[in-house]
Amino acid sequence: MTTLIKICGLSTEAAIDAAAANGASHIGLVHFEKSPRHVTLDQAAKLRARTPTSLKVVLLLVNASPVLTEQAYKAVRPDVIQFHGSEKPEWLTMVKKHMKVEVWKALGLRSAETLANARRFDGIADRLIFDAPAQALPGGNGTRVDWSLLAGHRHLVPWGLAGGLDADNVEEALAATHAPLVDVSSGVESAPGLKDMDKMARFCQAVANHDQRSHQA
Ligand SMILES: O=C(O)c1ccccc1NCC(=O)[C@H](O)[C@H](O)COP(=O)(O)O
């Protein structure tokens, strides 16, 4: 199985090109003013238009109003909207009814209880992203989750692992969790919001190394 790679918080064309060249499957555009990775809807639309078709575009929103969500959808036309706040399953159902877009839900993974509560999104979210619980920011904090919580968990919807991943730990994270998608932001930056092309390349290579080893096993 080829592990999907989402590189989140991109804000330049050069970073998008590097994500594509290194074999990422998804890029994330964060529309959340408090984030150092924030892009306006206008910027996001331009980056989206410039993104090669090999990459799926994930637009990140945090507890956005229905009006903002619709504006963002119409301006950016993302492949996916990732809800990264305290959005409820009913909200995702509503979005799916009105917009032609995949809906992902990020959940802060604290304990086994988080996994039990995540069942509310079964059959609703197109993917769940298990990330570190919100801190100063809802995401992009570079904090690892307890991978052992995910080992052996029976997932009923597609999912992904986020939180503190980087080129040096992603192989171990994949071996521990068998995540079908890994999501990275600060682990491939040289400063908050500044993507580092070399770190991106090393991250994608580490994922490819893992995949190659599992194909051989
Ligand atoms: O990255 C942000 O600044 C951000 C801000 C607000 C909501 C979500 C945000 N990022 C979400 C992501 O999908 C990140 O990739 C994920 O939290 C992992 O981040 P990191 O631990 O830095 O790799």
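This one's a predicted model, so the numbers in the text were calculated from it and none came from an experiment.

**What to know about the overall build of the protein**
Part 1: When helices and strands are counted, the protein shows 7 helices and 10 strands.
Part 2: For the protein, whose C-alpha radius of gyration is 16 Å, the value lies close to the compact-globule estimate of 17 Å for 217 residues.
Part 3: Scored against the burial criterion, the 217 residues of the protein give a buried share of 41%.

**Things to note about unusual backbone geometry**
Part 1: Positive phi, normally seen in glycine, also occurs at Asn63, with a value near 45°.
Part 2: You will see that His178, though not glycine, has its phi angle at about 55°, which is positive.
Part 3: Within the fold, His178 resides in the loop between helix 6 (170–177) and strand 8 (181–184).
Part 4: Residue classification places His178 among the partly exposed positions, given that 16 C-beta atoms sit within 10 Å.

**A look at the site of the ligand**
Part 1: Around the ligand, a shell composed of 26 residues is seen, among which Cys8, Ser35, Gly139, Gly140 and Ser186 lie nearest.
Part 2: Classifying every residue of the shell around the ligand gives 10 nonpolar, 13 polar and 3 charged.

**Quick notes on the sheet that holds strand 5 (residues 102–108)**
Part 1: Ordered in space as 1-2-3-4-5-6-7-8, the 8 strands form a closed barrel in which the pairing is parallel. Between one strand axis and the next, the sheet turns by 25° as a mean value, whatever way the strands run.
Part 2: The sheet contact formed by strand 2 (residues 26–30) and strand 3 (residues 56–61) spans 5 bridges and is parallel. Counterpart to Val30 in the pairing with strand 3 is Leu60.

**Things to note about helix 2 (residues 41–50)**
Part 1: Listed in full, the buried residues belonging to helix 2 are Ala44, Leu47 and Arg48. The arc that holds every buried residue of helix 2, seen down its axis, measures 105°, which confines them to one face. Facing away from the buried side of helix 2 by more than 90 degrees, the exposed set consists of Asp42, Ala49 and Arg50.
Part 2: The secondary structure elements touched by the buried residues of helix 2 are helix 1 (13–21), strand 2, strand 3 and helix 3 (66–76).

**Topic: the confidence of the model for the protein**
Part 1: In this model, the protein carries an average pLDDT of 97, and 100% of its residues clear a pLDDT of 70 or more.
Part 2: Both scores are available for the predicted complex, with the pTM at 0.97 and the ipTM at 0.98.

**Quick notes on the nonpolar core**
Part 1: Ile7, Ala19, Ile27, Leu29, Leu59, Phe130 and Val182 are the most contacted members of the largest nonpolar core, which has 58 residues in total.
Part 2: Leaving out residues up to four positions away in the same chain, Leu59 has contacts with Leu29, His31, Ala44, Ala72, Val76, Pro78 and Ile81.

**Quick word on the UniProt feature "domain: N-(5'phosphoribosyl) anthranilate isomerase (PRAI)" (unreviewed entry) in the protein**
Part 1: When the UniProt feature table is mapped onto this chain, "domain: N-(5'phosphoribosyl) anthranilate isomerase (PRAI)" (unreviewed entry) is found at residues 5–205.
Part 2: Taken end to end, residues 5–205 is 32% helix and 22% strand, and its two terminal C-alpha atoms sit 11 Å from one another.

**Brief notes about helix 1**
Part 1: When we look at burial in helix 1, the residues that qualify are Ala15, Ile16, Ala18 and Ala19. Seen along its axis, helix 1 keeps its buried residues to an arc of 160°; they face one direction. With respect to the buried face of helix 1, the exposed residues turned more than 90 degrees away are Glu13 and Ala14.
Part 2: Check the buried side of helix 1 and you find it contacts strand 1 (4–8), strand 2, helix 2, strand 10 (194–195) and helix 7 (197–216).
Part 3: Looking at the residues trailing helix 1, positive phi occurs at Gly23, about 90°.

**Observations concerning the environment of Arg37**
Part 1: Here Arg37 shows up in the loop between strand 2 and helix 2.
Part 2: In sequence terms Arg37 and Arg48 are 11 residues apart; their C-alpha atoms lie 15 Å from each other.

**Details of the packing of helix 2 against helix 3**
Part 1: At a closest axis distance of 8 Å, the pairing of helix 2 and helix 3 adopts a crossing angle of 35°. Note that helix 2 runs across helix 3; the crossing there is right-handed. Judged by residue contacts, Leu41, Ala44, Ala45 and Arg48 of helix 2 engage Gln71, Ala72, Ala75 and Val76 from helix 3.
Part 2: By residue class, the composition of the contact of helix 2 with helix 3 is 6 nonpolar, 1 polar and 1 charged.

Parameters and conventions
- Starting from 1, residues in each chain are numbered consecutively following that chain's sequence as written.
- The predicted origin of the model limits local features to residues at a pLDDT of at least 70 and limits the giving and counting of side-chain atom pairs to 80 or more, whereas totals for whole chains, interfaces and linings rest on all residues.
- Put simply, DSSP H or I for four residues or longer makes a helix, DSSP E for two residues or longer makes a strand, and each gets a number counted from the N terminus.
- For the radius of gyration, the atoms used are the C-alpha atoms, and the globule rule reads 2.2 Å times the number of residues raised to 0.38.
- Backbone-placed C-beta atoms define the burial measure: a residue is buried with 20 or more other C-beta atoms within 10 Å of its own, exposed with 12 or fewer, and partly exposed in between.
- Using a C-beta atom placed from the backbone for every residue, we mark a residue as near a molecule or strand if that atom lies within 6 Å of it.
- As a working rule, the residues Ala, Val, Leu, Ile, Met, Phe, Trp, Tyr, Cys and Pro are called nonpolar, Asp, Glu, Lys and Arg charged, and the rest polar, with Gly in that last group.
- Strand pairing is assigned whenever DSSP detects at least two bridges linking the two strands.
- All axes are obtained by fitting lines to C-alpha atoms, using only the stretch in contact for helices, and the reported angles, taken between N-to-C directions, cover 0 to 180 degrees.
- Taking the helix axis as origin, the arc is that swept by the directions to the C-beta atoms.
- What counts as a contact here is a pair of residues whose C-beta atoms, placed from the backbone, lie within 7 Å.
- Per-residue confidence from the predictor is reported as pLDDT, a score between 0 and 100.
- Joined through C-beta atoms within 7 Å, a set of buried Ala, Val, Leu, Ile, Met, Phe, Trp, Tyr and Cys residues constitutes a nonpolar core.
- UniProt positions are given in the numbering used here, feature names are shortened, and annotations may be inferred rather than shown by experiment.
- A clockwise turn of the near helix away from the far one marks a right-handed crossing, whereas an anticlockwise turn of less than a right angle marks a left-handed crossing.

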